[in-house]
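Chain by chain, the residues run as shown.
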Amino acid sequence: METVLPFIGFWGHAAVAFAYAALAIWLLHKYGTRNRQQVMLIAAMALTALWGIISTVASPLSLAALCAESARNLAWLCFMFFLLRSGEGREQPRTINMIYGVLLVVLLFQPVNDTAVAIFGNASNGADLATQSAMTMRMIYAVGALVVVHNLYTVSAPEARWGISLPMAALAAMWTYDLNLYTISYLTSAPSDELVQTRGFATAVLAPVFVMAAKRNSNWGIRLSRSVAFQSVSLVAIGFYMLGLVVLATALELVGGTYVRLAQISLIFGMSLAALLILPSGRFKSWLRVVIAKNFFQHRYDYRSEWMRFADTIGFPSKEAAPFYERVVKSLADIFDSPGGLLLVPDDEGRLTLQARWNWATADVPANCVTSQTMPFFESTGHIVSMDEVRAGTDERCDPRAVPQWLYDEPHAWAVVPLVHFGKLAGLVILARPRLPRALDWEDLDMLRVVGRQLASYLAEAASQQALAESQQFEQFNRRFAFVAHDIKNLVSQLSILARNAERHAEKPEFRADMIDTLRSSVDKMNELLARLSQHNKSRHSLPVVIDIGEAVMKAVHDKRLIYPIDAQLKPGLFATADPARVETIIGHLVQNAIEATLDGSPVRINCRKQGNDVAVNITDTGVGMTEAFMSNHLFKPFESTKEGGFGIGAYEARALAISMGGQLRVESRVGKGTTFTLLLPIADEKDNQISLEEAA
């Protein structure tokens, strides 16, 4: 055995020298010096070959061989470091440098220890101490290197692991062998001759693995996994926290004193309480994600994962998912770590109104939430507004008139994102300030533009689907009307026969009794059929004329004032251009709704006034009120009603009639406080007013 081991050691290390020198030359011709990780791979191969040459010429445990081993390990460490930074890394990854820095210090001290062993020679005490220190440092490095190999493999994205799996496995095998060698040598206080001599063959066997790896991955680049990086940094932070806790507790123990135990208990309790308060907080998690993005990745966003999350949020809702418009806000807010948001969309009159709010109940959005310049500005420019820059006056592209005052006053408003679809504004999203305040940069703006265009297409498609659904509802209603008309025709035919028979049998008592039963049954059937139809008037309307709005309102509420208190404060001599029949229908619908919404019998108040170029009729109740979601999504939609037996036509018809006369119908409501409907009608010219007064006289 004594003659065989040197033979194995000689040829094993010679194989290392030959194989890795050949690999270095081959890689130099294959790659050249295109990037740092390729250069460091060639250098690591060359230094591994140098270690094999020195171990063959001298001895595997000579000072020169040990120094060559340290140089080899340093080259492989640098290769992994540059490989990590090649995968979306920053120029100065501060956090990861700490791990590699510790291993670098260990490698630099190894030659010092090896030199000390050679200097002390036979001085038993000094030699033993230096030898034990050298073994300990090599064990520490082997353990640290294995941790780095594992970390590099796990933080890489799953699709990038295929390209680095072979070299990482080879390096793990090499350092695992070294760990076993130095651990056994440390425990036995002498190097294991068998492991030392066979180490060359074990390293040479790994050369084909590097050949296959070089053919598989020529660029030597990886893509880091953000989720694993977040978990890894979190574990490192927890480790440093535990280490700091132990160091401080030990320092208190060394200081001593009467109350040292109390101080240690207070320290542990205080640090544990601080960890429980800080670590679960959303602000801390946001800060940690920003730190990881700055130090580990070239781009702030993992576009693949963000796009998949966006698609899941907006396109695959579950039964428990929020309504569509809230998901629109959430899908955008999640990407930018915004805690809430608002969505404004154009209504049927083309005015931007609040459609949905997500996690932002404190935002006070007025009924008239935009200016006259808002829609033209955002449609023509598509400009994404940073509210901090607008408030500071540094946004030169933004027209201040396009931003309503309530956004200036809302401190949590962070960004205004227009959703433009084929030159038309499909919506406007206002994002709340993130937990970790920051300014919008070019990457944020690019992401907002891309996601905004996608959301605009979703909103446009939703509007088209809604219009199609309403058309289908009207088609179903017309079909139902045809069925009812057919049944009424049958009843008319039955009554016609009854009328003809009455001419001949009217004097017979039995016939009169049957006729009464038939009439009563026919009336009941007709009432039942009419109950299945909407009550709105579908006949041709009269042209608008100049009317006294006060008289029209009083005529509309005349019958209702007999059964319910109505406080009407009407300004005399206020004329509008409208159709009296349509005005009476609108007022009748709105007053009836107000009466039904007021459960405590409080009076309904009506007043008229001049508002700009319109006559405004306000109908106010103190009833249950309506939510923003109901007003945006259901109030003016046909066939949607919260009342039992309701047709869902009244409010829809009222606004349609107002628009048909050139007017508008607006609403303001607060849950639990009541509702105010405002009917706006074009005011009549003074000349027309005079003619109407003369006609009335």
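Keep in mind that what you see is a predicted model, and the values were worked out from it rather than measured.

### Considerations on the sheet that holds strand β7 (residues 566-569)
Here is step 1: Read across the sheet, five strands follow the order β7-β9-β10-β12-β11 without closing on themselves; strand pairing throughout is mixed. Unpaired on one side and paired on the other, β7 and β11 (664-670) mark the two borders of the sheet. Looking at each pair of strands side by side, their axes are set apart by 15° on average, direction ignored.

### As for helix α19 (residues 549-556)
Here is step 1: Inspection of α19 places I549, G550, A552, V553 and A556 among the buried residues, and these make up the whole buried set. Buried residues of α19, viewed axially, fall in a sector of 165°; they line one side. Opposite the buried face of α19, at more than 90 degrees from it, the exposed residues are E551 and K555.
Here is step 2: Looking at the buried residues of α19, the elements they touch are β6 (545-548), α20 (580-597), β9 (604-611), β10 (614-621) and β12 (674-682).
Here is step 3: For α19, the N-terminal capping position is held by D548, with its side-chain oxygen 3.0 Å away from the main-chain nitrogen of G550.

### What to know about α20
Here is step 1: In a regular helix each residue adds 1.5 Å, so 18 residues correspond to 26 Å; α20 covers 26 Å between its end C-alpha atoms and thus fits that length.
Here is step 2: For α20, the full list of buried residues reads R582, V583, I586, I587, G588, L590, V591, A594 and I595.

### Quick look at the packing of aromatic side chains
Here is step 1: Applying the stated rule across the entire model yields nine aromatic pairs.
Here is step 2: Ring centres of F10 and W11 lie 5.2 Å apart, and the angle between their planes is 90°; on these two criteria the pair is classed as edge-to-face.
Here is step 3: By relative accessible area, W11 is classed as partly exposed at 45%.
Here is step 4: Ring pairing ties together the aromatic residues Y20, W76, F79 and F210, which thus form one cluster.
Here is step 5: Positioned above the aromatic ring of W51, the side-chain terminus of R72 is 4.8 Å from the ring centre.
Here is step 6: One cation-aromatic arrangement involves R655 over F636; the distance from NZ or CZ to the ring centre is 4.3 Å.

### Notes on the environment of A356
Here is step 1: Turning to its location among the elements, A356 is positioned in strand β2 (residues 352-358).
Here is step 2: Look past the residues within four positions of A356 in its chain and what remains in contact with it is Y325, E326, G341, L342 and L343.

### Side note on the pattern of salt bridges
Here is step 1: Summed over all chains, the structure comprises 16 salt bridges.
Here is step 2: The salt bridge partner of D347 is R351, with a shortest N-O separation of 3.6 Å.
Here is step 3: Residues D446 and R449 are paired through a salt bridge, measuring 3.1 Å at the closest nitrogen-oxygen approach. Residue D446 and its partner R449 are located together in helix α17 (residues 442-505), separated by three residues, close to a single helical turn.

### Quick notes on the packing of α19 against α20
Here is step 1: Interaxial distance between α19 and α20 falls to 9 Å at its minimum, and their mutual angle equals 55°. Classified by the interaxial angle, the pair formed by α19 and α20 is oblique. Handedness of the α19/α20 crossing: right-handed. Of α20, the residues touching α19 (which contributes I549, A552, V553, K555 and A556) are V583, E584 and I587.

### With respect to the pairing of strand β1 (residues 341-346)
Here is step 1: Among the six residues in β1, five count as buried, and that is most of the element.
Here is step 2: With six bridges joining them, β1 and β2 adopt antiparallel strand pairing. By the bridge assignment, L342 is partnered in β2 with R357.
Here is step 3: The sheet contact formed by β1 and strand β5 (residues 424-432) spans four bridges and is antiparallel. Counterpart to L344 in the pairing with β5 is L428.

### Notes on a nonpolar patch on the surface
Here is step 1: Together, F7, F10, W11 and F201 make up a nonpolar patch on the protein surface, roughly 430 Å² of accessible area in all.
Here is step 2: Here F7 is to be found in helix α1 (residues 4-31).
Here is step 3: By relative accessible area, which is 52% here, F7 ends up exposed.

### Observations concerning the environment of V329
Here is step 1: By secondary structure assignment, the location of V329 is in helix α13 (residues 324-335).
Here is step 2: The class of V329 is buried, set by a relative accessible area of 0%.
Here is step 3: Between the alpha carbons of V329 and V429 there is a distance of 6.8 Å; along the sequence they are 100 residues apart.
Here is step 4: Setting aside residues up to four positions removed in sequence, V329 forms contacts with G341, L342, L343 and W358.

### Brief notes about the side chain of H383
Here is step 1: As for its placement among the helices and strands, H383 is situated in the loop between α14 (374-381) and β3 (385-386).
Here is step 2: Ignoring any residue separated from it by four or fewer positions in sequence, one finds H383 in contact with F377, F378, D395, R397, C398, V416 and P418.

### Some words on the sheet that holds β1
Here is step 1: What the five strands build is an open sheet, ordered β2-β1-β5-β4-β3; its pairing is antiparallel. One side of each edge strand has no neighbouring strand; the edge strands of this open sheet are β2 and β3.
Here is step 2: Most of the contacts of α13 go to β2, to which it runs at about 65°, and overall it touches β1, β2, β4 (413-421) and β5.
Here is step 3: Helix-sheet contacts for α14 involve β1, β2, β3, β4 and β5, and the interaxial angle to β5 is about 100°.

### Quick look at the pairing of β5
Here is step 1: Most of β5 is tucked away: eight of the nine residues are buried.
Here is step 2: As consecutive antiparallel partners, β4 and β5 are separated by two residues, and within that stretch F422 has a phi angle of approximately 50°, a positive value.

### Describing the confidence of the model for the protein
Here is step 1: For the protein, the mean per-residue pLDDT works out to 77, and 70% of the residues sit at or above 70.
Here is step 2: Looking across the protein, the model is least confident in helix α23 (residues 686-696), with a mean pLDDT of 51, and most confident in β12, with 93.
Here is step 3: Ignoring residues within four places in sequence, the model shows residues 88-93, a span with pLDDT below 50, making 22 contacts including any to other chains.
Here is step 4: Within the model, pLDDT remains below 50 along residues 535-539, and this stretch shows five contacts once partners closer than five positions in the same chain are excluded.

### Some words on the nonpolar core
The tendency in soluble globular proteins is for nonpolar side chains to be buried side by side.
Here is step 1: W76 and M80 are the most contacted members of the largest nonpolar core, which totals 44 residues.
Here is step 2: Of all the secondary-structure elements, those providing two or more residues to this core are α1, α2 (36-57), α3 (63-86), α4 (94-120), α5 (124-155), α6 (161-188) and α8 (207-216).
Here is step 3: Per-element tally for this core: the top contributor is α3, with 11 residues.
Here is step 4: Among the nonpolar cores identified, the runner-up in size contains 38 residues, and V557, V583, A651 and L657 belong to it.

### Quick word on unusual backbone geometry
Here is step 1: Of note in this structure, D337 is not a glycine but carries a positive phi near 55°.
Here is step 2: Its location among the elements puts D337 in the loop between α13 and β1.
Here is step 3: Note on D337: relative accessible area 24%, which makes it partly exposed.
Here is step 4: In this model, F422 sits at a positive phi of 50°, which is unusual for a non-glycine residue.
Here is step 5: Checked against the element boundaries, F422 lands in the loop between β4 and β5.

### Let's talk about the environment of Q664
Here is step 1: For Q664, the location among the structural elements is in strand β11.
Here is step 2: We classify Q664 as partly exposed; its relative accessible area is 24%.
Here is step 3: Through-space distance from the C-alpha of Q664 to that of L680 is 5.0 Å; in sequence the pair is 16 residues apart.
Here is step 4: Apart from the residues within four sequence positions on either side, Q664 is in contact with E349, A658, T678, L679 and L680.
Here is step 5: Side chain to side chain, Q664 and R666 meet in a polar contact 2.7 Å long.

Rules used throughout
- Residues numbered from 1 in each chain as written.
- Predicted model: local features only at pLDDT ≥ 70, side-chain atom pairs only at ≥ 80, totals over all residues.
- Heavy atoms only, no water.
- Pairing = 2+ DSSP bridges.
- Helix = DSSP H or I, 4+ residues; strand = E, 2+ residues; numbered from the N terminus.
- Axes fitted to C-alpha atoms, helices over the stretch in contact; angles between N-to-C directions.
- Buried < 20%, exposed > 50% of the residue type's maximum accessible area, 1.4 Å probe, protein only.
- Arc of directions from axis to C-beta.
- Contact = heavy atoms within 4.5 Å.
- Polar contact = N/O pair within 3.5 Å; in protein donor to acceptor, adjacent residues only side chain to side chain.
- Expected span 1.5 Å × (residues − 1).
- Phe/Tyr/Trp six-rings, centres within 6.5 Å; stacked < 30°, edge-to-face > 60°.
- Lys NZ or Arg CZ within 6 Å of the ring centre and 35° of its normal.
- Salt bridge = Lys/Arg side-chain N within 4 Å of Asp/Glu carboxyl O.
- Parallel < 35°, antiparallel > 145°, perpendicular 65-115°, else oblique.
- Left-handed = near helix turned anticlockwise from the far one by under 90°.
- Patch = residues over 30% accessible without salt bridge, like charges linked within 9 Å, V, L, I, M, F, W, Y side chains within 5 Å.
- Areas by Shrake-Rupley, 256 points an atom, 1.4 Å probe, with all protein chains shown as cover.
- pLDDT = per-residue confidence, 0-100.
- Core = buried A, V, L, I, M, F, W, Y, C linked by side-chain atoms within 4.5 Å.

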